[in-house]
Amino acid sequence: MKLDLYAELDWRGMVYAGTEGVREALAGAPVTAYIGFDPTASSLHVGSLLPVMALARLQRCGHRPIAIVGGGTGLIGDPSGKAQERTLLTLEQVEANLQGIRAQLARFLDFESTAAPARIVNNADWLVGLDLMVFLRDIGKHFTVNYMLAKESVKRRLQQDEGISFTEFSYLMLQAYDFLTLFDRYGCTLQLGGSDQWGNITAGCDLIRKLRGVRAHGLVMPLVTTAAGVKFGKTEAGAVWLDEQRTSPFRFYQFWLNTDDRDVIAYLKYFTFLGQDEIRGLEEARAEAPEKREAQRTLAREVTRLVHGDAHVQRAEHASSLLFGERIAELPADEVLAVFEDVPSTEVSRADLAGDGLGVAELLVRAALAKSRGEATRLIKGGGVYVNNRRVADERAHLGVDQAIEGRLFLLRKGARHLHLVRVAE
RNA sequence: GGGGAGGUUGCGGAGCGGUCAAACGCAGCAGACUGUAAAUCUGCCGCCCCAGUGGCUUCGGAGGUUCGAAUCCUCCCCUCCCCA
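Given the structure is predicted, the values throughout are model-derived calculations rather than measurements.

**Overview of the overall build of chain A**
Okay, so step 1: In terms of regular secondary structure, chain A is built from 20 helices and 15 strands.
Okay, so step 2: Overall, chain A is about 80 × 50 × 40 Å in size when its C-alpha atoms are taken along their principal axes.
Okay, so step 3: Counting over 426 residues, chain A shows a buried share of 51%.
Okay, so step 4: A separation threshold of at least 6 residues defines the contact pool for chain A, and within that pool the share at least 24 residues apart is 74%.
Okay, so step 5: By element, 49% of the accessible surface of chain A is carried by carbon and sulfur atoms, the whole surface being about 20000 Å².
Okay, so step 6: Between the averaged position of the 51 positive side-chain charges in chain A and that of its 55 negative side-chain charges there is a distance of 3 Å.

As structure tokens, this is what we get:
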């Protein structure tokens, strides 16, 4: 049986606004819908996870999802939500990034399904060869400058000193043209996006109505917020990526585990496929025993599984359970290595550890846990450094081979959750 | 082409001849309290070391004036706004 997509998105809090009649449109025959993804990096980050999940849910409800990677528009830059003019990408960069994103989307979308296969398209296919005269005549004619100036994204930029370039100003028309093209090629009648995309999306709906006489729809999702007021998906190390080369599965898992109590239920709805009953159960668990953080654990497990798979979940959970115990020094080195496989590591030579040994401060710098020796020293003085889970009391402490786990390994930790493995090379 | 504003340590933003490694806010890091949460409080937040009323390199770039320059002068580079 087919699930009602609108209802599904609605109870999950994923509907911020929609054009009139979207709900009815989704209740009828399967529709083809699309979302655009930013090609500025070769990996998606958790900030893109909400739209990704929207496409996945869409497909599960029997509709046809299209992910459009903005190879063409990526050359331009969307002014929405951006205070400053963006740097432009080259065609080659965009192409490389596109390949990475394509692979990640494949974890969420079924491209093989015969009933409702997902699709990935690159709008560079139709935008790059676009003839300016033809575009201005056929498309530009349907936009008044007044209409474009009235768009929020443009208005904001006009009020600022730097202004907005004609290039970015044109973005709206291009995105509308994308929608029109997808309508023509695949019968796509719905566009989803973040709430900042509203103006661009409705422009596309208007264009399709004018040129094809068909009513297309738009549905936008809320901005993911954090209760603490920090930008979602950012940590001290920068963005949290889906690519395990950029953000290890262990850190990825930890990112979700550290979710604020006030956000965790909303995130479970956004980012997992758990149903209403399960989530309600977790909500009660959180209310009764917040210190157990069962909701956070579930969230971390589910999202990590979706992105990295079961094996990584188990490793991350095991590593997390060992994170704070002093027993770690008693474990076999091989086990520690296996558990913390994802953690960044550095090698030191036996010679470094000979004699007086290697200074902990020096090691912190080599492991990039501190930027300078001065900073490392301050950290140790402040009690923020641990070797094999024991706090280092003396900022001049040195390590010798005899203190390494089985003579092969140190686990260096800064604060609660910055881990680094130090391997002793033969 | 003309006129104006401006480039300061991640960001914002003070400073306008010594007391400036440079106020303040934000962000960040660590500690305490906790539940790997929040809030709060404390410390740190250019680099080096033998850690000190220590050394070194910074305020778009290059020169210069001066005992002394982020602060004054000259030239150059860059950004933004307005007019043409």
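**With respect to the side chain of Thr181**
Okay, so step 1: Tracing the backbone shows Thr181 in helix α10 (residues 171-186).
Okay, so step 2: Polar side-chain contacts of Thr181 include one of 2.8 Å to the backbone oxygen of Tyr177.

**Describing the domain arrangement of chain A**
Okay, so step 1: One can read the domain layout of chain A as domain 1 (5-221), domain 2 (234-323) and domain 3 (345-425).
Okay, so step 2: Of note, the centres of domain 2 and domain 3, computed from C-alpha atoms alone, are 29 Å apart.
Okay, so step 3: On the domain 3 side, the residues contacting the six residues of domain 2 number six residues.
Okay, so step 4: Our count for the contact surface shared by domain 2 and domain 3 stands at zero salt bridges.
Okay, so step 5: Here domain 2 and domain 3 share zero residue pairs in polar contact (both at pLDDT 80 or more) between them.

**Remarks on the nonpolar core**
Okay, so step 1: Grouped together as the largest cluster of nonpolar side chains are 59 residues, with contacts concentrated most on Phe108, Leu192, Trp256 and Phe271.
Okay, so step 2: The element best represented in this core is helix α3 (residues 49-60), accounting for eight residues.
Okay, so step 3: Split by domain, the residues of this core number at least three in each of domain 1 (5-221) and domain 2 (234-323).
Okay, so step 4: Not counting residues up to four positions away in its chain, the partners in contact with Phe271 are Leu49, Leu50, Met53, Arg57, Val224, Phe232, Trp256, Val303 and Leu306.

**Considerations on the packing of helix α15 (residues 294-308) against helix α16 (residues 310-322)**
Okay, so step 1: Between α15 and α16, the least distance of the axes is 7 Å, while the angle of their chain directions is 135°. One way to sum up the angle between α15 and α16 is to call them oblique. Here α15 runs over α16; the crossing is right-handed. For the pair formed by α15 and α16, the contact residues are Arg301, Thr304, Arg305 and His308 on the first element and Asp310, His312, Val313 and Glu317 on the second.

**Focus: the sheet that holds strand β5 (residues 188-194)**
Two modes of strand pairing occur in sheets, parallel and antiparallel, and in both the strands are linked by backbone hydrogen bonds.
Okay, so step 1: If you trace the six strands from one edge of the open sheet to the other, you get β1-β6-β5-β2-β3-β4, paired in mixed fashion. The open sheet has two free edges, formed respectively by β1 (17-18) and β4 (119-122), since each of these has just one partner strand.
Okay, so step 2: As defined by bridge partners, strand β2 (residues 32-37) adjoins β5 across three bridges and the pair is classed as parallel. Opposite Tyr34, over in β5, you have Gln191 as the bridge partner.
Okay, so step 3: In this fold helix α4 (residues 91-105) packs onto β2, β3 (64-69) and β4, with an angle of close to 170° to the strand it touches most, β4.

The rules behind each value
Residues numbered from 1 in each chain as written. Chains lettered and ligands numbered in written order. Predicted model: local features only at pLDDT ≥ 70, side-chain atom pairs only at ≥ 80, totals over all residues. Heavy atoms only, no water. Helix = DSSP H or I, 4+ residues; strand = E, 2+ residues; numbered from the N terminus. Buried < 20%, exposed > 50% of the residue type's maximum accessible area, 1.4 Å probe, protein only. Contact = heavy atoms within 4.5 Å. Areas by Shrake-Rupley, 256 points an atom, 1.4 Å probe, with all protein chains shown as cover. Lys, Arg positive; Asp, Glu negative; His and termini not counted. Charge placed at Lys NZ, Arg CZ, Asp CG, Glu CD. Polar contact = N/O pair within 3.5 Å; in protein donor to acceptor, adjacent residues only side chain to side chain. Domains from an automatic or database assignment. Salt bridge = Lys/Arg side-chain N within 4 Å of Asp/Glu carboxyl O. Core = buried A, V, L, I, M, F, W, Y, C linked by side-chain atoms within 4.5 Å. Axes fitted to C-alpha atoms, helices over the stretch in contact; angles between N-to-C directions. Parallel < 35°, antiparallel > 145°, perpendicular 65-115°, else oblique. Left-handed = near helix turned anticlockwise from the far one by under 90°. Pairing = 2+ DSSP bridges.

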